[in-house]
Amino acid sequence: MTVTRGRKETSTIKDDHHAGEPPCPPLAEKAFCPFCGQPTAFREWEGMVRRYCGNCDLPLYDNPVPAVCAVATDPRGRILLVQRNVAPCRGEWCLPGGFMELGETPEAAALRELAEETGLRGEVTGLIGLKAAPNRLYHTVLVAGYRVQPLSRQIHPGDDAMAANWFGVGDLPPVAFGSHREFIERVITRENLNRQ
Ligand SMILES: [Zn+2]
């Protein structure tokens with residue numbers, strides 16, 4: 001039987017590559033067990049060679065990290081974007097979004113990130129879709145895109161954002177992440193937003 005060392009690389013997650021950012025750098029290896037702190041070893045497990053903690057008698061799985069983003073529009077059909085103030089892609093525009101916190105629903109995470117980055121309150125009106133995307137820290141993130149209706153109007157960019165603004169569909173700046181670009185395109189197509 002062929003045994004793969006470490007995680008299985010697939011060819012399906014490749015659309016988020018950005019100039020200057022390696023698309024899928026190696027995840028930091030779990031040289032020490034995150035549960036007990038003892039050094040780990042490699043062991044064949046379910047057809048793959050994985051990190052293994054002999055002290056806990058546990059294989060240490062690597063899994064994607066959940067993230068969320070929000071596509072919010074104003075009454076004119078303009079889309080809300082934030083200019084990133086953090087790496088990666090600092091200075092570029094993307095949807096409001098970020099990582100889920102423990103104990104949080106993905107919908108609540110999307111609304112929290114919207115509020116933190118733009119000052120806007122909102123409500124989730126639907127799930128646009130799910131995308132697996134490469135990430136420089138976590139290897140793979142699972143991005144949930146939510147359609148969000150804003151419940152307030154006044155934008156106050158938060159610490160993670162240099163700016164936040166509404167953009168007409170025909171005036172969108174380059175958007176940093178492939179997953180965000182796809183969620184935006186799905187909303188434009190499904191809702192027939194004006195591309196002028
Ligand atoms: Zn352990």
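Everything that follows concerns the structure shown earlier in this document.
Here the residue numbers are simple positions, counted from 1 along each chain's written sequence. Predicted model: local features are reported for residues with pLDDT of at least 70 only, side-chain atom pairs are reported and counted for 80 or more only, and whole-chain, interface and lining totals are derived from all residues.

Trainee: How would you sum up the sheet that holds strand β7 (residues 93–94)? Please name residues and give values.
Mentor: Between any two strands, pairing holds if DSSP finds at least two bridges. Working definition: helices are DSSP H or I runs of at least four residues, strands are E runs of at least two. Numbering for both runs from the N terminus. Read from one edge of the open sheet, three strands run β7-β6-β11, paired in antiparallel fashion. Each having just a single partner strand, β7 and β11 (161–167) make up the two edges of the open sheet. Here strand β6 (residues 79–84) runs beside β11; their pairing, made up of six bridges, is antiparallel. Along β11, the bridge assignment pairs Arg84 with Ala161.

Trainee: Before we move on, could you go through helix α1 (residues 106–118) and cite the residues and values that matter?
Mentor: In this scheme, a helix's expected span is set at 1.5 Å multiplied by one less than its residue total. Taking 1.5 Å per residue as the helical rise, α1 with its 13 residues ought to reach 18 Å, and the 18 Å between its terminal C-alpha atoms agrees with that figure. Where α1 is concerned, the buried positions are Ala109, Ala110, Leu111, Glu113, Leu114, Glu117 and Thr118. Note on contacts: each residue gets a C-beta atom placed from the backbone, and two residues are in contact if those atoms are within 7 Å. On its buried face, α1 sits against β5 (65–72), β6, β8 (97–99), β9 (122–135), β10 (139–150) and β11. In the segment just after α1, Gly119 is the residue with positive phi, at about 80 degrees. Exposure criterion: with C-beta atoms placed from backbone coordinates, a residue whose C-beta has 20 or more other C-beta atoms within 10 Å is buried, one with 12 or fewer is exposed, and one in between is partly exposed.

Trainee: Talk me through the pairing of strand β3 (residues 48–53); I want residue IDs and the actual numbers.
Mentor: Across five bridges, the pairing between strand β2 (residues 41–45) and β3 is antiparallel. Within the sheet, the bridge partner assigned to Arg43 lies in β3 and is Arg50. As paired elements, β3 and strand β4 (residues 58–59) share two bridges and run antiparallel to each other. Bridging from a neighbouring strand, Cys53 pairs with Leu58 of β4. Counted along the chain from β3 to the antiparallel partner β4, the turn is four residues long, and its residue Asp57 has a positive phi close to 55 degrees.

Trainee: Any details on helix α2 (residues 178–191)? Residues and values, ideally.
Mentor: The end-to-end C-alpha distance of α2, which contains 14 residues, comes to 20 Å, matching closely the 20 Å that a straight helix rising 1.5 Å per residue would cover. For α2, every residue scored as buried is listed here: Ser179, His180, Phe183, Ile184 and Val187. Taken end-on, α2 shows its buried residues confined to a sector of 135 degrees, consistent with a single buried face. Against the buried residues of α2 lie β5, β6, β7, β9 and β10. Phi turns positive, to about 55 degrees, at Asn192, one or two residues after α2. To be clear, the arc concerns the directions from the helix axis to the C-beta atoms.

Trainee: Could you give an account of the sheet that holds β9, naming the residues involved and the relevant values?
Mentor: Pairing in this open sheet of four strands is mixed, and the strands run β8-β5-β10-β9 from one edge to the other. The open sheet is flanked by β8 and β9, the only strands paired with a single partner. Adjacent strand axes in the sheet meet at a mean angle of 20 degrees, parallel and antiparallel pairs treated alike. Pairing between β9 and β10: 12 bridges, direction antiparallel. Each bridged residue has a counterpart across the sheet, and for Asn135 the counterpart in β10 is His139. Contacts from α1 reach β5, β8, β9 and β10 within the one sheet, and its direction differs from that of β5 by about 60 degrees. With axes taken as lines fitted to C-alpha atoms, and helix axes fitted only over the stretch in contact, angles between N-to-C directions fall between 0 and 180 degrees. Across the sheet, α2 lies against β5, β9 and β10, angled at about 140 degrees from β9, the strand it touches most.

Trainee: Can you lay out unusual backbone geometry for me, pointing to particular residues and giving the numbers?
Mentor: Following Ala87, the chain continues into Pro88 via a peptide bond in cis, with omega recorded as -5 degrees. Mapped onto the fold, Pro88 is located in the loop between β6 and β7. Even without being a glycine, Asn192 presents a positive backbone phi close to 55 degrees. Relative to the assigned elements, Asn192 resides in the segment after α2. In this structure Asn192 comes out as exposed when scored by C-beta crowding, with 9 C-beta atoms within 10 Å.

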